[in-house]
Amino acid sequence: MIRIKQVFCLFLFLYLGVETHAQISPKPIGIVDLIDHVTAFSPALAADSAVVDIRAAQLKETAANALPNLKLNYQADLGTNNNVTGPYMAFGIVPSNSRGVRTVSNTQAALTNLGIVSLDWEIYNFGAYKAQNAVAKSELVAEHSRFAQRRYQTRAIAIDDYLTLLKLQDMLSIQQQNIKRNEQINRSIISLARSGIRPGVDTSIAGAELSKSRLNYIEMDNTYKKVKLDIAAISGLSPQNIVADSTILDRLKLLEVNLSVNLTDSSSHPLLDFYRNNYFSSIEKENLVKKAYNPKVSLQAAVWSRGSSIDANDNFNRLSTGLDWQRENYLVGLGISYNLFDLRRRQLKLRTQKANSNFYLKELKQERLMLSNAALQAGVEINTAHKRLEEIPNQLKAASAGYRQKLSLYKNGLTDIIELNTALNILYRAESDFVNAKYLYIRALFQRAIATNQVDSLLNALK
């Protein structure tokens, strides 16, 4: 019975150990999964998406500019009907009085009422409505391309953060190994110093090196945690669950990914589309400036009824008689208006808009040149990275052998602590160089992919 309980406890401890290990070491997240989380969650992209909705609403608003003005008016007025002759200029609201001038003054009150249905419709403006709609559509397209640009840039930032996280993970692992080596050296020196084989100063030097390696680990771990927080902020993932996949280098080398040095499709590159559509939108605004100052043809119409407590014989009757409609009228007119000074206004505004178009065109050319240069530089870095990865194993092998030999010589009293620490630093530098070489190789691949619009191709290859 006791034996059974012992076996049961053993299995329980093993199970708890596995569970604890699973909690401490979360499953690594692949770069493809991370990019999917960033695309779906990023708060910045959510805000940009809302701006696209605003542009879509503005397009519908602009399309309504061609609607006519159809107004319903009614008023009932109490006042005098006592005019004099003579012209005047209207300042603000001047009450209208349609009665002629009497021979004597009469300040008796009268009641009138008026109901009007009026139509004011700019039926033709020589293409201005069409130009307004074209500008609104171009701004919506430009906003869509700006959203695509921000999404592309956000993905690029996420990729860079992920690769930085991967590098820091490897560096932390190397630093842990370096701490273990310093601890091993420190234990050996303490043992040798106690037996009188080594001077006591060696223990101080070894202790200082051990403390230095621990401090380096603390600083690296601090940076590592900050990068995890940055990734969490744009992906919505918990920082504790963000662990980079350390097998990405082997997978990339196995795939032998070859990326074109040129833009695979420059007409749809998100980083170029934004500038291109800004330029096209500015051209549409030039056309709008040309059309906005054209003559305007308007249709105007009105139907109205009036009533008054003053009859046709100029008798002031009961006020209540003024509430009845007594006369109906209508009026329809077609008019055209044009401001001659708009010729100068159009010339000046068109000159300004053409300058904007020229600016957007130069921005487009500059961005295309920068992307081409970035692709070429990434290509140079990839070739250099290949050479690094081929040579560094030799450095790492020699540094490891040198450290083992110096450690053996030191234990046998044939070398000093300075030379041993030098060998240890050479080994640490070789391991760090290997991590940097891996990081630079992967980063160069993604930089070329970003510059040449091949990110999706590279990510699909890693699925």
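Everything below is about the structure shown above.
Reference entry: report on the structure contained in this document. Fair warning: this is a prediction, and the values are worked out from it, not measured in the lab. (Residues numbered from 1 in each chain as written. Predicted model: local features only at pLDDT ≥ 70, side-chain atom pairs only at ≥ 80, totals over all residues. Heavy atoms only, no water.)

Quick look at the environment of N356 now. Secondary-structure assignment places N356 in helix 8 (residues 342-411). Judged by its relative accessible area of 34%, N356 falls in the partly exposed class. Between the C-alpha atoms of N356 and Y279, which are 77 residues apart in sequence, the distance is 8.3 Å. (Helix = DSSP H or I, 4+ residues; strand = E, 2+ residues; numbered from the N terminus. Buried < 20%, exposed > 50% of the residue type's maximum accessible area, 1.4 Å probe, protein only.)

Okay, the pairing of strand 3 (residues 296-308) next. For strand 2 (residues 110-124) and strand 3, the ladder comprises 12 bridges, and the chain directions are antiparallel. Residue pairing in the sheet places Y124 in a bridge with V297 of strand 3. Sheet analysis places strand 3 next to strand 4 (residues 327-337), joined by 11 bridges and oriented antiparallel. For S305, the partnering residue across the bridge sits in strand 4 and is E328. (Pairing = 2+ DSSP bridges.)

Right, let's get into the pairing of strand 2. Bridging between strand 1 (residues 69-79) and strand 2 involves 11 bridges; their strand directions are antiparallel. Within strand 2, the residue paired with N69 across the bridge is D120.

Our focus in this paragraph is the nonpolar core. Side chains that are nonpolar tend, in soluble globular proteins, to be buried together. By size, the foremost hydrophobic cluster in this structure holds 55 residues, and its most contacted members are I31, I248, Y441, I442 and F446. Where this core is concerned, the elements lending two or more residues are helix 2 (31-41), helix 4 (128-194), helix 5 (201-235), helix 6 (248-255), helix 7 (270-292), helix 8, helix 9 (417-451) and helix 10 (455-461). Ranked by residue count, the leading element in this core is helix 4, at 12 residues. Those residues in contact with I442 that sit more than four places away from it in its chain are L163, L166, I248, L249 and L252. If you look at the next biggest cluster of nonpolar residues, it comprises 13 residues, including I185, Y410, L424 and A430. (Core = buried A, V, L, I, M, F, W, Y, C linked by side-chain atoms within 4.5 Å. Contact = heavy atoms within 4.5 Å.)

Another point: the packing of helix 2 against helix 5. At a closest axis distance of 7 Å, the pairing of helix 2 and helix 5 adopts a crossing angle of 55°. Taken together, the axis directions place helix 2 and helix 5 in an arrangement best described as oblique. Residues L34, H37, V38 and F41 of helix 2 pack against I231, A232, A233, I234 and S235 of helix 5. Residue composition of the contact of helix 2 with helix 5, grouped by class: 7 nonpolar, 2 polar and no charged. (Axes fitted to C-alpha atoms, helices over the stretch in contact; angles between N-to-C directions. Parallel < 35°, antiparallel > 145°, perpendicular 65-115°, else oblique. Nonpolar A, V, L, I, M, F, W, Y, C, P; charged D, E, K, R; others polar.)

On to the sheet that holds strand 1. Within the open sheet, the 4 strands sit side by side as 1-2-3-4. Their pairing is antiparallel. Both outer strands of the open sheet, strand 1 and strand 4, are each paired with one neighbouring strand and no more. Along the sheet, successive strands turn relative to each other by an average axial angle of 15°, direction set aside.

With the rule as written, the count across this model stands at 4 aromatic pairs. Seen in terms of ring centroids, F359 and Y360 are 5.5 Å apart; in terms of plane orientation they differ by 55°. Their pairing is tilted. (Phe/Tyr/Trp six-rings, centres within 6.5 Å; stacked < 30°, edge-to-face > 60°.)

For the rest of this paragraph, the subject is helix 2. For helix 2, the set of buried residues is I31, V32, L34, I35 and V38. The buried residues of helix 2 occupy one face: seen down the axis, they fall within an arc of 160°. (Arc of directions from axis to C-beta.)

Okay, the packing of helix 4 against helix 7 next. To characterise two packed helices, one gives the angle between the axes of the helices and the distance between these axes. Here helix 4 crosses helix 7 at 165°, and the two axes come no closer than 8 Å. By the angle between their axes, helix 4 is roughly antiparallel relative to helix 7. When you trace helix 4 past helix 7, the crossing you get is left-handed. The residue inventory of the contact of helix 4 with helix 7, partitioned by class, reads 14 nonpolar, 9 polar and 6 charged. (Left-handed = near helix turned anticlockwise from the far one by under 90°.)

Before going further, it helps to examine the environment of L323. By secondary structure assignment, the location of L323 is in the loop between strand 3 and strand 4. For L323, a relative accessible area of 49% puts it in the partly exposed group. Between the C-alpha atom of L323 and that of T112, which follows or precedes it by 211 residues, the distance is 6.5 Å. Discounting residues that sit within four places of it in the chain, L323 has contacts with L111 and N113.

Using the criterion set out here, one finds 18 salt bridges in the structure. A salt bridge links D160 to R443, with the shortest nitrogen-to-oxygen separation between them at 3.5 Å. Remark: R443 occurs in helix 9 and D160 occurs in helix 4; sequence separation between them is 283 residues. Relative accessible area serves as the criterion here: at 30%, D160 is assigned to the partly exposed category. Put simply, R181 and E431 hold a salt bridge, and the shortest N to O gap is 2.7 Å. With R181 in helix 4 and E431 in helix 9, this pair connects stretches of sequence that are 250 residues apart. Here the two residues R181 and E431 agree in accessibility, since each one is buried. Several salt bridges share partner residues, and in doing so they unite D48, R55, E139, E143, R146, R150 and K285 into one network. (Salt bridge = Lys/Arg side-chain N within 4 Å of Asp/Glu carboxyl O.)

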